[in-house]
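# A look at the structure
The residues making up each chain are set out below.
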Amino acid sequence: MKKLLLTTVAFAALGMAPAVAADLAARTYTKAPVMAPLPTWAGFYIGAMGGYATTDNGGILSPKGGFAGGTLGYNWQTANWVYGLEADAAWADINDSVAGVVPGFGAVSVGSKVDATGTVRGRLGYAFGNVLLYGTAGYAWADNKITLSALGVSASDSQFLSGWTAGAGAEFLIAPKWSIKAEYLYKSFGGKTYFNGALPTGDLNLHTVQVGVNYHF
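Our subject in this report is the structure included herewith. (Residues numbered from 1 in each chain as written. Predicted model: local features only at pLDDT ≥ 70, side-chain atom pairs only at ≥ 80, totals over all residues. Heavy atoms only, no water.)

### As for the nonpolar core
- Within the largest apolar cluster, 15 residues are counted, with the highest numbers of intra-cluster contacts made by Phe 67, Ile 94, Val 114, Phe 189 and Leu 204.
- Apart from residues no more than four positions distant in its own chain, Leu 204 is found in contact with Thr 55, Asn 57, Val 114, Asn 144, Leu 161, Lys 187, Ser 188 and Phe 189.
- Listed in part, the six residues of the second largest apolar core include Val 82, Ala 127, Leu 132 and Leu 173. (Core = buried A, V, L, I, M, F, W, Y, C linked by side-chain atoms within 4.5 Å. Buried < 20%, exposed > 50% of the residue type's maximum accessible area, 1.4 Å probe, protein only. Contact = heavy atoms within 4.5 Å.)

Listed below in structure tokens is the structure:
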């Protein structure tokens, strides 16, 4: 009787073994999710920008107005640190004029207008994923025109101004190849002499706030 019972248990165990093996084989295992690559800021980019400028010259003329143009740059990236070079150039309408009456000359007016401006700058920033905060500084230029009017006659003289710029900004990746940015720049230009030395001017300092969009290659 004992032998019969042991034999029955053995056959039952053998019969269950394939079922258990089948259950074990049927189990499925899922792979760990693949982490998405971190966004990169490295490489060439090109874009458009525009903004508004005011001055703090403290003189009789305080030009202000808008500007719009294009941007070209290149970034390198090491871990979260991003550094690069950027150049921009813009058409501008930053102007002011004053008028008065001078004995013997009647109505007289003096006007100043920046009709083009641009920069070549280095940038250094820190990336928080899709957000880049940076500082920037470098060379700035502008084309400035002085206009004098008296006795119904007007005369103008333009000079190319060189100076420096510094500022800061924030840039946001809104798509794999597109970003938007907001930036403040202070531009300082030395004085120039107009009309063959007849009219010297003081420094021209611009406060500019600009926004832009960039395409990254």
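### With respect to the packing of aromatic side chains
- By the definition in use, this model includes nine aromatic pairs.
- On the basis of an interplanar angle of 65 degrees and a centroid distance of 4.8 Å, the ring pair of Tyr 74 and Trp 76 is categorised as edge-to-face.
- Residue class for Tyr 74 comes out partly exposed when judged on its relative accessible area of 26%.
- Both rings, one in Trp 178 and one in Tyr 215, keep their centres 5.0 Å apart while their planes meet at 65 degrees; by these two values the pair is edge-to-face. One end of the pair, Trp 178, is in strand 7 (residues 178–189); the other, Tyr 215, is in strand 10 (residues 204–216), and 37 residues separate them in sequence.
- On the accessibility criterion, Trp 178 (41% relative accessible area) is partly exposed.
- Under the relative-accessibility criterion, Tyr 215 is labelled partly exposed at 26%.
- Put simply, the rings of Phe 44, Tyr 74, Trp 76 and Tyr 83 touch in pairs and so form one group of aromatic residues.
- Seen from the ring of Tyr 134, Arg 123 lies directly overhead, with NZ or CZ sitting 4.4 Å from the centre. (Phe/Tyr/Trp six-rings, centres within 6.5 Å; stacked < 30°, edge-to-face > 60°. Helix = DSSP H or I, 4+ residues; strand = E, 2+ residues; numbered from the N terminus. Lys NZ or Arg CZ within 6 Å of the ring centre and 35° of its normal.)

### Remarks on unusual backbone geometry
- Of note in the backbone geometry, Ala 79 takes a positive phi value of approximately 55 degrees without being a glycine.
- Residue placement: Ala 79 occurs in the loop between strand 2 (64–78) and strand 3 (81–102).
- On the accessibility criterion, Ala 79 (62% relative accessible area) is exposed.
- One non-glycine residue, Asn 196, lies in positive phi territory at about 55 degrees.

### Section: the sheet that holds strand 4 (residues 106–128)
- The strand order around the closed barrel formed by eight strands is 1-2-3-4-5-6-7-10, and the pairing between neighbours is antiparallel. If you compare each strand with its neighbour and ignore which way they point, the axes differ by 20 degrees on average.
- Taken together, the 15 bridges between strand 2 and strand 3 define a ladder with antiparallel strand orientation. Residue pairing in the sheet places Gly 65 in a bridge with Ile 94 of strand 3. (Pairing = 2+ DSSP bridges. Axes fitted to C-alpha atoms, helices over the stretch in contact; angles between N-to-C directions.)

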